[in-house]
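Per-entry structural report
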Amino acid sequence: MRVKSITLSGFRNYGHETVSFDDDINIITGSNAQGKTNLLEAIYLLTGGKSFRTRYDREMIGFSVNEAEISGVAEASGRMHQISVRLVGGRKKQIRQNGVSKTASELSNALTAVLFCPEDLNMISDGAHVRRKLLDVAVSRLKPVYADLTAKYARIYEHKTRILRDFREKPSLLKALDEFSDGICRYSSLIIGYRAEYVRLLKEKAARIHSEVSGTPEKLEIRYRTIGTAEDPTAPADELYECLRDHMRAHREAELRCGMCLTGIHKDDLDITVNGKEARIYASRGQARTAAISIKMAEREICKDAAGEYPILLLDDVLSELDSSRREYVLSGTSEGQTFITCCEGESPAKRTGGKIIEVKNGVIIDGEKRKADVSAFGEKRGGRA
């Protein structure tokens, strides 16, 4: 998978800019607040129609304009694709692929990207919502129907939450409570199945990668934790539904008392351990970062297995947060597929990878040249890990 070129019009702090990309490694460099991450966000939009920074499309439109457009040429599965995402204030965004209107989920079928940013390095120590988001983004990229399921679940959960909050003032709302509870159970049973399958793949690949990154016999383990009555999250959906319904019925009175939805997949989490100890509590900073790198690079491997080719890898200022050994491991993973790296010190990654330098100054793109790889530091260009 490759993004060949991109054109930005009215997007974030860009006026009208066009840039072509190298098929291998692209180093996006510049001072802070110049638009490096904005360019990475635009590339990400072309691979799935959604931003990784905001839920609101209007925030991606420049201050002095009423609409923005991101268009580009990409290659995937041996085919060329013309992709555009048009943003107009107050309207639903318009996505087109080869002249045909698409949804965000449909677009992700054609092109896939894996994003690795500094916030991901804190996934071990942060709250469960961070790890759920990781699951949701990753699974949605692999299974577009999953995004639709989670969106429907969110709407039902919101309706039920309002009923539990307001029924004392409006007792008639209780008539719909059981219907929404049943909907939560049905959607949860499907979502759990997708999450459990993904975690099965994730834990296998992440454990192997963790051993490579750490260079020690430390053992990384990942387990999917969902509603207690669903003892086997890989069970068929109808069996999971029965387990969830029993759990829901058992907590009905408690939900009415506290005015909160107490059961559903909105509390799911990943239990991550290193050498049998809970990483969130006991892992050192280095161990936690090694585990995070292993999980993100495993995500990339899973995408590759599903699509038959490596997804685009987006590294947003993550290298500056890593020590030398972990930085070299991440860079060695760029020997396959197309990679975009944002950083302030463009020369250093470029020398080690032979990447093309793209400089950004206040929303203006300066299209640089591809630099000769420093073979002694990085290994034979595109020939695998050094």
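As shown above, the structure is provided for reference.
Each chain has its residues counted from 1, running along the sequence as written. A pLDDT threshold of at least 70 governs which residues receive local features in this predicted model, and a stricter bar of 80 or more applies before side-chain atom pairs are shown or counted, although totals over entire chains, interfaces and linings include all residues. The basis for every side-chain value is the complete set of non-hydrogen atoms in the structure, without hydrogens or water.

**Quick word on the pairing of strand β4 (residues 67-76)**
Keep this limit in mind: Relative accessibility under 20% of the residue-type maximum defines a buried residue, over 50% an exposed one, and the middle range a partly exposed one, all with a 1.4 Å probe and only protein chains included. A helix here means a DSSP run of H or I that spans at least four residues, while a strand means a run of E at least two residues long, and both kinds are numbered starting from the N terminus. When DSSP locates at least two bridges between a pair of strands, those strands are taken to pair.
Side chains A68, I70, G72, A74 and A76 project from β4 onto a buried face, and the interleaved E67, E69, S71, V73 and E75 project onto a face without burial. Where strand β1 (residues 2-9) and β4 come together, 7 bridges link them in antiparallel fashion. Note on β4: the bridge partner recorded for V3 is A74. As defined by bridge partners, β4 adjoins strand β5 (residues 79-88) across 10 bridges and the pair is classed as antiparallel. Residue E69 lies in a different strand from β5, and its bridge partner there is R86. A loop of 2 residues connects β4 with β5, the two strands running antiparallel in sequence, and S77 in this loop sits at a positive phi of about 55°.

**Notes on the nonpolar core**
To keep things clear, this is the line we draw: To form a nonpolar core, buried Ala, Val, Leu, Ile, Met, Phe, Trp, Tyr and Cys residues must be joined to one another through side-chain atoms within 4.5 Å. A contact between two residues is defined here by any heavy atoms of the two lying within 4.5 Å.
Among the nonpolar cores identified, the biggest contains 67 residues, and I124, I222, I272, I293 and I295 are the most heavily contacted of them. It is helix α5 (residues 177-214) that contributes the most residues to this core, 12 residues altogether. Each residue touching I295, except ones within four places of it in the same chain, is listed here: M123, I124, L134, L202, A206, I222 and I272. Membership of the second largest hydrophobic core comes to 39 residues, among which are Y44, A74, I95 and I312.

**Section: the environment of V139**
As for its placement among the helices and strands, V139 is situated in helix α3 (residues 128-142). Classification of V139 by relative accessible area gives buried; the value is 2%. Each C-alpha atom, one on V139 and one on I25, is 26 Å from the other, the two residues being 114 residues apart in sequence. When neighbours within four sequence positions are excluded, V139 is seen to be in contact with Y146, Y194 and Y198.

**Let's talk about the sheet that holds β4**
Convention followed: Axis definition: a line fit to C-alpha positions, over the contact stretch in the case of helices; interaxial angles, taken between N-to-C directions, run 0 to 180 degrees.
Strand order in this open sheet of 6 strands is β2-β1-β4-β5-β6-β7, and the pairing throughout is antiparallel. Two strands in the sheet have a free side with no partner beyond their single neighbour: β2 (16-20) and β7 (100-102). The sheet shows a mean angle of 20° between the axes of neighbouring strands, direction not considered. Of the strands in this sheet, β1, β4 and β5 are in contact with helix α1 (residues 36-46), which crosses β1 at around 115°.

**Concerning the packing of aromatic side chains**
To keep it simple, the criterion reads: Here a pair means two rings of Phe, Tyr or Trp (six-membered ring of Trp) with centres within 6.5 Å. Their orientation is stacked below 30 degrees between planes, edge-to-face above 60, and tilted elsewhere. Note on geometry: a ring has a charge over it if NZ (lysine) or CZ (arginine) is within 6 Å of the ring centre and within 35 degrees of the ring normal.
Scanning the entire structure with this criterion turns up 4 aromatic pairs. Between Y44 and F52, the aromatic rings sit 5.2 Å apart at their centres with planes inclined by 85°, giving edge-to-face as the arrangement. The burial state of Y44 is the same as that of F52; both residues are buried. A cation sits over an aromatic face here: R141 above Y44, 4.4 Å from the ring centre. Sitting over the ring of Y241, R186 keeps its end group 4.3 Å from the ring centre.

**Some words on the pairing of strand β13 (residues 339-343)**
Most of β13 is tucked away: 5 of the 5 residues are buried. Burial of the side chains of β13 extends over both faces: T339, I341 and C343 are buried on one face and F340 and T342 on the other. With 5 bridges joining them, strand β3 (residues 25-29) and β13 adopt parallel strand pairing. Across the sheet, residue I27 finds its bridge partner in β13, namely I341.

**Details of the side chain of N38**
Heads up, the rule is: Here a polar contact is taken to be a pair of N or O atoms separated by no more than 3.5 Å, where protein atoms must pair a possible hydrogen donor with a possible acceptor and residues adjacent in sequence count only if both atoms sit in side chains.
Looking at the element boundaries, N38 is found in helix α1. Since its relative accessible area comes to 11%, N38 is described here as buried. Engagement of the side chain of N38 in a polar contact is seen with the side chain of R53, the distance being 2.5 Å. Among residues more than four places away in sequence, those in contact with N38 are F11, R12, N13, Y14 and R53.

**Observations regarding the side chain of T54**
Note that T54 resides in the loop between α1 and β4. Reaching out from T54, the side chain makes a polar contact with the backbone nitrogen of Y56 at a distance of 3.0 Å. Side chain to side chain, T54 and E59 meet in a polar contact 2.6 Å long. Contact partners of T54, with chain neighbours within four places excluded, come to R12, E41, E59 and M60.

**Points about the state of the cysteines**
For clarity, the threshold we go by: Disulfide assignment relies on a single distance test, namely cysteine sulfur atoms paired within 2.5 Å.
Taken as a whole and assessed by the stated rule, the structure comprises 0 disulfides. Here C243 is not disulfide-linked; the sulfur of C185 is the nearest cysteine sulfur, at 10 Å. There is no disulfide at C261, and the cysteine sulfur nearest it, in C185, is 9.1 Å away.

**Some points on the sheet that holds strand β11 (residues 277-278)**
Within a sheet, each strand pairs with its neighbour through backbone hydrogen bonds, oriented either parallel or antiparallel. Taking strand neighbours across the sheet as the criterion, the 3 strands line up as β9-β10-β11 in an open arrangement whose pairing is antiparallel. Single-partner strands in this sheet number two, and they are β9 (220-225) and β11. As defined by bridge partners, strand β10 (residues 269-274) adjoins β11 across 2 bridges and the pair is classed as antiparallel. Paired with V274 across the bridge in β11 is K277. Contacting β9 and β10, α5 crosses the sheet at an angle of about 175° to β9.

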